[in-house]
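Each chain, written out:
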Number of protein chains: 2
Amino acid sequence: MTEEMKIIGSKAKAASRVLLNMGSLNKKEMLYKMAEFLKNEADYIIEENKKDLQNAEKNGMKPSMIDRLMLDNKRINSMADAVIAVANEKDPVGIVLEGETLENGLQVRKITVPLGVIGIIYEARPNVTSDAAALCLRSGNACILRGGKEAINSNVAIVKVLRNALGSIKINPDCIQLITDTSRNSATELMTMTEYLDVLIPRGGAGLIKSVKENSRVPVIETGVGNCHVYIDESADLNMAANIVFNAKTSRPSVCNACETLLVNEKIAEKALPLIKEKLDVKKVEIRGCEKTQAIIPCKEASDLDYETEFLDYIIAVKVVKDTDEAIEHIAKYSTHHSECIVTESIENMEKFTSKVDSAAVYVNASTRFTDGGELGLGAEIGISTQKLHARGPMGLKHLVSYKYIITGKGQVR
Amino acid sequence: MTEEMKIIGSKAKAASRVLLNMGSLNKKEMLYKMAEFLKNEADYIIEENKKDLQNAEKNGMKPSMIDRLMLDNKRINSMADAVIAVANEKDPVGIVLEGETLENGLQVRKITVPLGVIGIIYEARPNVTSDAAALCLRSGNACILRGGKEAINSNVAIVKVLRNALGSIKINPDCIQLITDTSRNSATELMTMTEYLDVLIPRGGAGLIKSVKENSRVPVIETGVGNCHVYIDESADLNMAANIVFNAKTSRPSVCNACETLLVNEKIAEKALPLIKEKLDVKKVEIRGCEKTQAIIPCKEASDLDYETEFLDYIIAVKVVKDTDEAIEHIAKYSTHHSECIVTESIENMEKFTSKVDSAAVYVNASTRFTDGGELGLGAEIGISTQKLHARGPMGLKHLVSYKYIITGKGQVR
């Protein structure tokens, strides 16, 4: 580990001990102050952001990516509002989850506490910097942020502003650490900092998540890769099915809860597929189908790779399957365990699908697009976990905590 | 990864899909059958255990270790009874943790599900084999067991018996996998099997835990290293304090919740230390004290290393501290975040200690020895987690699960 990373780690760790016991009102005030400073320093942040935009253009970045990178007054106001929204959420620390008085008179309380230090590795969007810092600090955690090199000037500016906000109310600015070395090395080093980091959350594309998952020695929470499926059962209401597929695929194709593969029961495929194609054609969705699909509607051929791919685009893979069991098998083979849906009127197939499909969110007759912290009432989210340890599905403030047992007695011994 | 490890991994993963939806009664029956087979095959297991005992003697193993390794009829009956006790615990799968109907009519249930495949790396005690298998299977998880080489013949025999038990009632024996290669390689490989393993739990000494923590890419739950502290505040009832220290140190020194370091407030050290020494002398506990301690009672000198050490023996390190803050600082520096205790009559110091000490269990006026699944009403435990992710403190059946969201609608789209 380089000396610089050690310093970042130990500063974050020391700062986390202050946050551990900070009162809820103080934490709220801290976030309000962060939002205030973001708004007041918008011009400075925009200036620094321009440097990133210039570099992006020079490097030939795609316009859709440049758009993600760009900050203006409106977007900085949104960032500040998002920080205020997190400030106004319920404090996840200090909640008594369980408690009892044992027969021997010991009083046991299981009470939520911060995790400690959270590392976040993310890509080009600079708003993640303030979002992640707000979620970590509101839940009493210090954070070490490591954004993408494309946004480095913006990130440095945002973190400077946020740290100044903390300093202005005499809170240790070390609660927020930014790694300014955006080489691969710094990410790799972060993944080994078990001494300083309690958890590492990668936010970004499949490549980033895979690399962190395979290399990190720090506990990781995998997020956000969604190869989501909709299965249309033979008993389905086909109009409902077409609506759900249309919504799940086209309402926002670039997000992780969008549908990527459609599975259709062979018994209703001849009726269902033309209905669905008609809808998808409105948005010019490219269909890649199996042989049976191609025999029913005109479309490209689907390869095995298509079934594995999170397109994040107006493309959908389609497969005609024999029954619910084959649909479940296909999902088991290709899914990233994010969100899957069955459209059905059969209790038997609903039960089979919901119990056997092993994903964070399993839907019956509803769009996969609802897998979202806001939609499910969990508040702002730091990511959507696709792993089973600690938290699964949308991760909000309440998942950024651990717990401890406080046990009080009158001299009991064992 | 060797071909053999791949086969073990993929077999366990395939078997875990059957366990995912196995009914609670079936899981109970499975464990009863395992217990029955253990009792019926006791002679065979004892025969195989003798080979391990012979090797142990040949290799000059310490008598206390040989005792841990040894199996007789009584111990095998205890193992079987432990399996039955786990069978009779409440099924942790299928519990609706939360649920609501959203404004748009979507019905959301958050429901517990098995983790999938659990890996356990452990050391010489063969009873861990049946304990771990029972806990994993009762909670719907397949397991991959990797015990120490000292117990390999016993472990092979026990797993064979348990797998036969499964086979006898037509359950896939692959739910229980044993790694028979006890070289360092197999452990290292297990730590890279992210494709097959959902979590890896090391059970054993500090060296094993450290090695797994530092090297594993599979999510790990650290367990069991307990450098536990008792702090005697100036306001403490000194007789109560002496009782607690005596119990925490001597009732079972070889376990992780035993006290290893005593911290004494300087204002009462002159009264407290002789009282405590008198008690500890009964069990011939070796005291290693700081300078101030040595000025009050006759004892050896404590080094920095002593404050770091989990003695697991009749040895205790002692330090006289200025106040509660210094005690908290000492604990922050040396503790393994397992269990710590304050003996006090002061609300202020109690609050300070319980909120600032960042350990799985924090006691007020009670022995650290209560950190135990059975004592705290959590049932049989697979270990005591000293990390903050997923589970902290004693881990029982209810911690061997994840959850998923099941969301049912009537065609809702977003």
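Keep in mind it's a predicted model, so treat the numbers as computed, not measured.

Draft legend 1. Focus on the overall build of chain A. When its secondary structure is counted, chain A shows 15 helices and 16 strands. Relative to the globule expectation of 22 Å for 414 residues, the C-alpha radius of gyration of chain A, 24 Å, shows essentially globular dimensions. The C-alpha extent of chain A, read off along each of the three principal axes, is 70 × 70 × 35 Å. The buried share of chain A, taken over its 414 residues, is 58%. Sequence separation of at least 24 residues holds for 72% of the intrachain contacts in chain A that already meet a minimum separation of 6. A total of about 16300 Å² of accessible surface is found on chain A, and carbon and sulfur atoms cover 49% of it. Taking the average location of the 53 positive side-chain charges in chain A and that of its 56 negative ones, the two points are 5 Å from each other.

Draft legend 2. Layout of the interface of chain B and chain A. Taken together, the contact between chain B and chain A spans 75 residues of the former and 75 residues of the latter. Carbon and sulfur atoms make up 51% of the area that chain B and chain A hide from each other, which totals about 6200 Å². It is B:Leu389, B:Tyr405 and B:Arg414 in chain B that bury the most area against chain A; as a group they hold 14% of the surface buried on that side. One can count 6 salt bridges joining chain B with chain A. The interface formed by chain B and chain A contains 39 residue pairs in polar contact (both at pLDDT 80 or more). Among the elements that make up the side of chain B that touches chain A, the one with the highest residue count is strand S16 (residues 401–412) of chain B (11 residues). With 5 bridges connecting them, strand S16 (residues 401–412) of chain A and strand S13 (residues 361–366) of chain B associate as parallel partners. Across the sheet, residue A:Gln412 finds its bridge partner in S13(B), namely B:Ala366.

Draft legend 3. Here's a closer look at the side chain of A:Asn247. Mapped onto the fold, A:Asn247 is located in helix H10 (residues 238–250). Within the local environment of A:Asn247, its side chain forms a polar contact with the backbone oxygen of B:Arg414, the two atoms lying 2.4 Å apart. Setting aside residues no more than four positions away along its own chain, A:Asn247 makes contact with A:Ser367, A:Arg369, B:Val413 and B:Arg414.

Draft legend 4. The pattern of salt bridges, seen in detail. Following the criterion strictly, the structure yields 51 salt bridges over all chains and no others. Residue A:Asp306 pairs with A:Arg288 through a salt bridge whose shortest N-O separation is 2.7 Å. Pair noted here: A:Asp306 is in helix H13 (residues 304–308) and A:Arg288 is in strand S9 (residues 286–289), with a separation of 18 residues, a long-range link. The salt bridge involving B:Glu48 is made with B:Lys51; its shortest N-O contact spans 3.1 Å. Of the two residues, B:Glu48 and B:Lys51 both sit in helix H3 (residues 42–58), 3 residues apart, roughly one turn of that helix. Classification of B:Glu48 by relative accessible area gives buried; the value is 16%. Classification of B:Lys51 as partly exposed rests on a relative accessible area of 39%. Within this structure, A:Glu286, A:Arg288, A:Lys300 and A:Asp306 form a network of salt bridges that share partners.

Draft legend 5. Local environment of the pairing of S16(A). Residues and elements named next belong to chain A. Within S16, 11 of the 12 residues are buried, which leaves the element mostly enclosed by the surrounding structure. Across 8 bridges, strand S2 (residues 107–114) lies against S16 in antiparallel orientation. Looking across to S16, one finds that valine 113 is bridged to serine 402.

Draft legend 6. Geometry of the sheet that holds strand S8 (residues 259–265) of chain B. Spatially, 10 strands are ordered S1(A)-S2(A)-S16(A)-S13(B)-S12(B)-S7(B)-S8(B)-S11(B)-S9(B)-S10(B) in an open sheet, and the strand pairing comes out mixed. The open sheet is flanked by strand S1 (96–101) of chain A together with strand S10 (300–301) of chain B, the only strands paired with a single partner. Of the strands in this sheet, S16 of chain A together with strand S7 (228–232), S8, strand S11 (315–321), strand S12 (339–343) and S13 of chain B touch helix H10 (residues 238–250) of chain B, which is tilted by about 170 degrees from S7(B).

Reading the values: rules and limits
Sequence order sets the numbering: in each chain, residues are counted from 1 along the sequence as written. Naming scheme: in the order in which they are written, chains are lettered from A and ligands are numbered from 1. Per-residue local features of the predicted model are confined to residues with pLDDT of at least 70, and side-chain atom pairs are confined, for both listing and counting, to 80 or more; whole-chain, interface and lining totals are unaffected and use all residues. Just so you know, side-chain values use all the structure's heavy atoms and leave hydrogens and water out. The way it works is that DSSP assigns letters per residue, a run of H or I at least four long becomes a helix, a run of E at least two long becomes a strand, and they are numbered from the N terminus. Put simply, the radius of gyration uses C-alpha atoms, and a globule should come to 2.2 Å times the residue count raised to 0.38. Burial classes follow relative accessibility: with a 1.4 Å probe on protein chains only, a residue under 20% of its type's maximum area counts as buried, one over 50% as exposed, and anything between as partly exposed. By the convention used here, residues are in contact when the closest approach between their heavy atoms is within 4.5 Å. Only the protein chains shown count as covering a residue, and every accessible area follows the Shrake-Rupley method with a 1.4 Å probe. Here the positive residues are Lys and Arg and the negative ones are Asp and Glu; neither His nor the chain ends is included. Think of each charge as sitting on NZ of Lys, CZ of Arg, CG of Asp or CD of Glu. As a working definition, buried area equals the accessible area (1.4 Å probe) given up by two parts on being put together, with both sides summed. Criterion for a salt bridge: a side-chain nitrogen of Lys or Arg within 4 Å of a carboxyl oxygen of Asp or Glu. Polar contact is defined as a pair of N or O atoms within 3.5 Å, subject to the rule that within protein one atom must be able to donate a hydrogen and the other to accept it, and that residues adjacent in sequence are counted only when both atoms are side-chain atoms. Strands are treated as partners if at least two bridges between them are detected by DSSP. For helices, the fitted line uses only the C-alpha atoms of the stretch in contact; every axis is such a line through C-alpha atoms, and the angle between N-to-C directions lies from 0 to 180 degrees.

Limitation: the analysis is restricted to geometry and does not speak to function.
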